[in-house]
Structures are given as structure tokens and as C-alpha cells.
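Inside the fold
Residues per chain, in single letters:
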Amino acid sequence: MVWHGFTQMAAYAGNSPITVERAEGREVIDVDGRRYFDAISSLWVMTLGHHVPELDAAVTDQLGRVAHTTLLGNGNRMVVEFAEALAAVVPVDDAHVLFASDGAVAVEQAAKIAFQYWVNRGQSGHTRFLALGDAYHGDTVGALSLGDGGFGTELFDPLRFPVIRTPGYASPDWADKAVACVEANAEELAAVIIEPLVQGAAGMLVAEPEDLAKLGAACRYHGVLLICDEVATGFGRTGKLFASEWAGSDFRPDLMCLGKGITGGYLPLSATVASGEIFAAFEGADLGEKTLYHGHSYGGNALACAVALRHLQLIHQWDVLANVTVVADRLASLLRDHVVGRPGVGAVRQRGLMVGVELDPPGGATRWGRRVCAEALQRGILLRPLGDVVVLMPPLTTTLEEIGLVVEVLAASIGLVGEQDQR
Ligand SMILES: *Cc1c(COP(=O)(O)O)cnc(C)c1O
């Protein structure tokens, strides 16, 4: 009875799905009791592990107080506490947090805020967005407009609002193109939106920090807002708490979108973080036109904020970023030794614990991504490809032993699929 997203249901049963019953740490356990290492962190949301006692306790403690109260016009102690903790660590000046439940909505909110910011300031004409090729910002119509094509979304083209698009991270000179475009269109642009450091859904296309810094400086110089969509990269994925930090301390997004790892994979929560300057542009008369008329029923759910706050504390207490760095280094060397240059493997791209292994099936064979992941599943490693890119997104607490096993199984699975095709 379940209709699975991004899934052709007519082929569902043939694509070796598992049905999870429970999980322990970094392993999920299916209804038949089989265990799988969750090497995609439950589609990029899980960080520390599943069923983490401290995070479980944060939820149950909050449940003993209140599960949810609306943020529309009223406050909630736990939400305030999490917003304060988050504002202290995001690379956004004088941060203010507007909560929602999904990453796509965090992007919608950022786009609407950027648009209205200029209206509120009485500066007309700033109505367009610059977005990158291969971008992915979520599946609602606004987020889809900012995102590039792919995933069969072209059919929605008539619903998309037009954006200015310059090449994504697959082009070595993407930053120069984007900077030139900012210069040429500064008077028309409301904002530039990027996925800092990694275009995840595009197959883990990676950027250099200096290029991000270059674009950030151009936005600042020309007075164009910068939106950083850190839905995938936030909360430690790349080895820093936020990927934007790689671009240096002068790189200060005006708006930042957070989601996925924000609750460690526990509950739906997302956030649009706005700078104090943006926030101030919305101050005006009660019920007046400067108000942000946007909000979601479950935005800033107290249970979700309780687990998010505990999660943020644990990232520091457990020194999770140090583990990401150590395990990511090992992962890089293991990939170099066992995967790069193997028959059937094209490029391997990595930033922290975000990896895309692009397969290059000999003779144009199809569905290699699927088949490699199916072989890995047989060997206890849960993966999901993006087309012919096998994604590795292991939990941030992954051990050196576990990462060794993941790469061993991946290499063996690629080898097996290659052998099958030769027969
Ligand atoms: C996943 C993702 C989104 C969408 O988040 P949802 O919670 O799935 O709506 C937006 N932007 C980026 C960069 C993402 O990776």
C-alpha cells in the first residue's frame, strides 16, 4: 500500500528492496533478521547511528513535556533553545531561524525571503535567481525551478519559474562563469543559490573552496544575496560542521538551508537561517506588508528540536568531526587502492564522507549502478545509486574497520557485475 518516492513501483519488487524492522547503531535489520550496514545513512539523513540511546532519550524526555505547539505567533521553550544553539554555530551573521520540516521547504522559504527582502527594502527589479547546472534543491515546484533538469522532472517545465543558469561543478570554470553572470545581472538578481562544496544529487560533483570564496566575494561586492543550500552537506558531512566553512571565514551566506542531518536522522525538521540584515528588512507594522506570510503547521516541532539540540551537543562531545576527518582520509586511500582505475569505474569524487563512484560500464551496459548495489546488499552493505553513480554516505561515526568492509564489498561487487557481463 506504500507508494515509494523516486521509485518505479511496477519494478519495485524486482529491485531487491529490504523492509526494515529495527536498527542498531549503524546497521539496519530487516523483517527476516538480516543485518545491513547503512552506507547511505538512510538517504543522507542519519549521522551518528540509528537508535542512539542519547537521542532516544531526548525524544522521550520532550515527549514527557509536550510534542508540538505551533510557532505561528507563539513560542516553545525547546525550539527557542535549539534555535539559539544553532544560531551560535552557523556561519551566518546574527542568525535567525525559520523552521519547517523538509529540505525542499527550507529552500522555498529562502527563495521567498530573498525575493521579499528586496521588495521590503523598496528596491524593485531584483526578481531573478541565479542557480547552477546540475543543481538539486528539492521536489516542490519552487525548489524544482531552482534545480536543474534530470530525474525525469522535465515534464514539469511548464510549472517552473525561469532562472538564470550557469554551469555547475562539472565545469572547471564554473565559478568564473557564475561571477561574470553576477556582475552582468546584479541589478536583476534577488539571490544566487548554490550547494556549497558538493552537488550531491547530481552524483557528488565537487567544487574547490577557493571557487566558493570567489563567488561569495562577488555576491557581496555586487550586493546580491547568497543562499547556501546545506541540506545535504550540513552537520559534519564534509568534515566541518557546515561545508560553507571550507571557503574561509569571510564566506558568510545571507541565507542557509538546513535539513537532512539536522536531527541526526530522527525526525523531519528543516530550517532556513537568515542573517540579521535580512531579518531586519521584514520588521514593520503589525499585520503590515513587510511581514513574512509563510509558515508550516509542523514547522519547529518540539520533539524534532529536542533531538536536534541533543544531536548538536553530541557532535561536539563525541568529537564527531575528528572522526569524519580520520575515516574520510582512510576512505580516500582505500578507494585509491581498490576502486580507482578498476575496470568499470570512471571518476571517484569525495568530500569528507560524501562519495560518488561513477561507474563506466564497458560496452555501454545498463543498470550497473543498480546491479552493483544489489550485489553489495547480498554482502550486507546497504547502498543506493544515483543512476550509474554509486553513492557512499556512511554514518559520521563509522569506524576504520567498517569503512574497510564497505570498500571491500564495493570493489567485489563491481568486479562481480563485470564478470557477469563477460559471460
Ligand atoms: C535532499 C536535498 C534537498 C531536499 O530535501 P528534502 O528534505 O528531501 O525535501 C534540498 N537540497 C539538497 C542539496 C538536498 O540534498
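Residues numbered from 1 in each chain as written. Predicted model: local features only at pLDDT ≥ 70, side-chain atom pairs only at ≥ 80, totals over all residues. Heavy atoms only, no water.

1. Some thoughts on the side chain of Ser-270
Using the following cut-off: Helix and strand definitions here come from DSSP, where helices need a minimum of 4 consecutive H or I residues and strands a minimum of 2 consecutive E residues; each element is numbered from the N-terminal end. Burial classes: relative accessible area under 20% of the type maximum marks a residue as buried, over 50% as exposed, and values in between as partly exposed (1.4 Å probe, protein chains only). Distance and chemistry together define a polar contact, namely a pair of N or O atoms within 3.5 Å, with one atom able to donate a hydrogen and the other to accept it when in protein, and with adjacent residues in sequence counting only for side-chain atoms on both sides. The contact criterion used is simple: two residues touch if any of their non-hydrogen atoms lie within 4.5 Å.
Relative to the helices and strands, Ser-270 is located in strand E12 (residues 270–274). Its relative accessible area of 0% is what places Ser-270 among the buried residues. Here the side chain of Ser-270 touches Ser-101 through a polar contact of 3.3 Å, landing on its backbone nitrogen. With near-sequence residues (within four places) excluded, Ser-270 lies in contact with Leu-98, Phe-99, Ala-100, Ser-101, Asp-102, Gly-103, Ala-106, Leu-258 and Gly-259.

2. Section: the side chain of His-137
Along the chain, His-137 turns up in the loop between strand E5 (128–132) and helix H5 (141–146). For His-137, a relative accessible area of 3% gives the class buried. Look past the residues within four positions of His-137 in its chain and what remains in contact with it is Ala-104, Val-107, Ala-143, Leu-146, Gly-147, Ile-193, Ile-194, Glu-195 and Asp-229.

3. Topic: the domain arrangement of the chain
Under the convention used in this document: Start and end points for every domain follow an automatic or database-based domain assignment. Here's the idea: put two parts together, see how much 1.4 Å probe accessible area each one loses, and the total over both is what we call buried area. Should a side-chain nitrogen of Lys or Arg be within 4 Å of a carboxyl oxygen of Asp or Glu, the pair is scored as a salt bridge.
Split by domain assignment, the chain resolves into domain 1 (9–51 + 319–422) and domain 2 (55–317). The C-alpha centroid of domain 2 is placed 28 Å from the C-alpha centroid of domain 1. When the two sides are added together, the surface that domain 1 and domain 2 hide from each other amounts to roughly 2300 Å², 64% of it contributed by carbon and sulfur. Contact with domain 2 buries surface across domain 1, with Trp-44, Arg-351 and Met-354 losing the most and accounting together for 29% of the total. Joining domain 1 to domain 2, the criterion identifies 1 salt bridge. Arg-351 is the salt-bridge partner of Glu-208, the closest N and O atoms lying 3.3 Å from each other. Linking domain 1 to domain 2 there are 16 residue pairs in polar contact (both at pLDDT 80 or more). For the side of domain 1 that touches domain 2, the elements supplying multiple residues, two or more each, are helix H1 (41–44), helix H10 (320–338), strand E13 (345–351), strand E14 (354–359) and strand E17 (389–392).

4. Digging into the site of the ligand
Put simply, the rule is: In this text, near means that some heavy atom of the residue lies within 4 Å of the molecule or strand in question. Under the convention used here, a 1.4 Å probe and the Shrake-Rupley method define accessible areas, while residue burial counts only the protein chains that appear.
In the vicinity of the ligand, the contacting residues are Trp-44, Asp-102, Gly-103, Ala-104, Tyr-136, His-137, Gly-138, Glu-195, Asp-229, Val-231, Ala-232 and Lys-260. One of the backbone N or O atoms of Gly-103 is found 2.7 Å from an oxygen atom in the ligand. When the free accessible area of the ligand is taken as 380 Å², the share hidden by the protein chains comes to 83%.

5. Structural notes on the environment of Leu-392
Positionally, Leu-392 belongs in strand E17. The exposure class of Leu-392 is buried, given its relative accessible area of 1%. C-alpha separation for the pair Leu-392 and Gly-356, spaced 36 residues apart in sequence, amounts to 6.4 Å. Setting aside anything within four residues of it in sequence, one finds Leu-392 in contact with Ala-39, Leu-331, Leu-335, Leu-353, Met-354, Val-355, Leu-383, Val-406 and Leu-410.

6. Some remarks on the sheet that holds E17
As a reminder, the rule being used: Pairing between strands is defined by DSSP: at least two bridges between the two strands are required. Structural elements are reduced to axes, namely lines fitted to C-alpha atoms, with helices fitted over the stretch in contact, and the angle between N-to-C directions of any two is expressed from 0 to 180 degrees.
A sheet is described by the order of its strands in space; here 4 strands give the open sequence E13-E14-E17-E16, paired in antiparallel fashion. Each having just a single partner strand, E13 and strand E16 (385–386) make up the two edges of the open sheet. H10 rests against E13, E14 and E17 of the sheet, and its axis sits at about 170° to E13. Strands in contact with helix H12 (residues 400–422) are E13, E14 and E17; relative to E17, the strand with the most contacts, it is inclined by about 165°.

7. Let's talk about the pairing of E17
Of the two faces of E17, the one holding Val-389 and Val-391 and the one holding Val-390 and Leu-392 are both buried throughout. Relative to E17, E14 is paired through 4 bridges, and the arrangement is antiparallel. Considered in E17, the bridge of Val-355 is made with Leu-392. Alignment of E16 against E17, held across 2 bridges, turns out to be antiparallel. Looking at E17, one finds that Leu-386 is bridged to Val-389.

8. Some words on helix H7 (residues 209–222)
The criterion, for reference: By this rule the span expected of a helix is its residue count minus one, scaled by 1.5 Å.
With 14 residues, H7 extends 20 Å between its outermost C-alpha atoms, agreeing within 8% with the 20 Å of an ideal straight helix rising 1.5 Å per residue. Residues of H7 that are buried in the fold lie against helix H6 (174–185), strand E7 (189–194) and strand E10 (225–229). One or two positions beyond H7, positive phi appears at Gly-223, with a value near 70°.

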